[in-house]
Amino acid sequence: MAQLTCTNPRCRVTLTYPRGASQVHCAMCGTLNDAAQANLLGHIVCGGCQITLSYAYGACSVKCAVCNHVTPVPGAPEPSAPRTQAVIVENPSSVDEAGFEIPNMALGVTSERSQRP
């Protein structure tokens, strides 16, 4: 499985899709995303410790695994608030009484909330 961020600036959810797909349809906003672009990587210097970080096309920011600094990607659209994330989980299929395969998928949606004191 692979992941990409929806290219709709008002959506920006993370989409999970099978590797090799050419396009991914966002279930949240309906945008058809080009999966070939998701395989492109960019590079940026960490604003905290100055090491070079790699990021996937479409990322708004990159969190450094060494110092945990979050570096914004120049030219990337700012995410709208609150930000939502959709995750599609594909479980093993089952078979009904007639012998037909029944897919077993779940869609989970989260939204960031401001932290309560």
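In case you missed it, the structure is sitting above this.
Computed from a predicted structure; not experimentally measured.

Undergrad: Just to check I follow, could you spell out the overall build of the chain for this structure?
TA: Along its length, the chain carries one helix and 10 strands. When the helices and strands of the chain are read in sequence order from the N terminus, they spell out β-β-β-β-α-β-β-β-β-β-β. Across the 117 residues that make up the chain, the buried fraction comes to 26%. Long-range contacts, defined here as pairs at least 24 residues apart, represent 27% of the contacts in the chain between residues at least 6 apart.

Undergrad: Would you mind going over a nonpolar patch on the surface with me for this structure?
TA: On the surface, Met28, Ile88, Met105, Leu107 and Val109 cluster together into a nonpolar patch covering about 440 Å² of accessible area. Per element, the largest residue contribution to the nonpolar patch is three residues, and it comes from strand S10 (residues 101-111). If you trace the backbone, Val109 turns up in strand S10.

Undergrad: Before we go on, may I ask you to explain the pairing of strand S2 (residues 14-17) in this structure?
TA: Within a regular beta strand, the side chains point alternately toward one face of the sheet and then the other, so they alternate between its two faces. By the alternation rule, side chains of S2 split into Thr14 and Thr16 and Leu15 and Tyr17, which are all buried. In this structure, strand S1 (residues 2-5) lies alongside S2, joined through four bridges in antiparallel fashion. Looking at the pairing, Leu4 lines up with Leu15 of S2.

Reading the values: the criteria
- Residues numbered from 1 in each chain as written.
- Predicted model: local features only at pLDDT ≥ 70, side-chain atom pairs only at ≥ 80, totals over all residues.
- Heavy atoms only, no water.
- Helix = DSSP H or I, 4+ residues; strand = E, 2+ residues; numbered from the N terminus.
- Buried < 20%, exposed > 50% of the residue type's maximum accessible area, 1.4 Å probe, protein only.
- Contact = heavy atoms within 4.5 Å.
- Patch = residues over 30% accessible without salt bridge, like charges linked within 9 Å, V, L, I, M, F, W, Y side chains within 5 Å.
- Areas by Shrake-Rupley, 256 points an atom, 1.4 Å probe, with all protein chains shown as cover.
- Salt bridge = Lys/Arg side-chain N within 4 Å of Asp/Glu carboxyl O.
- Pairing = 2+ DSSP bridges.

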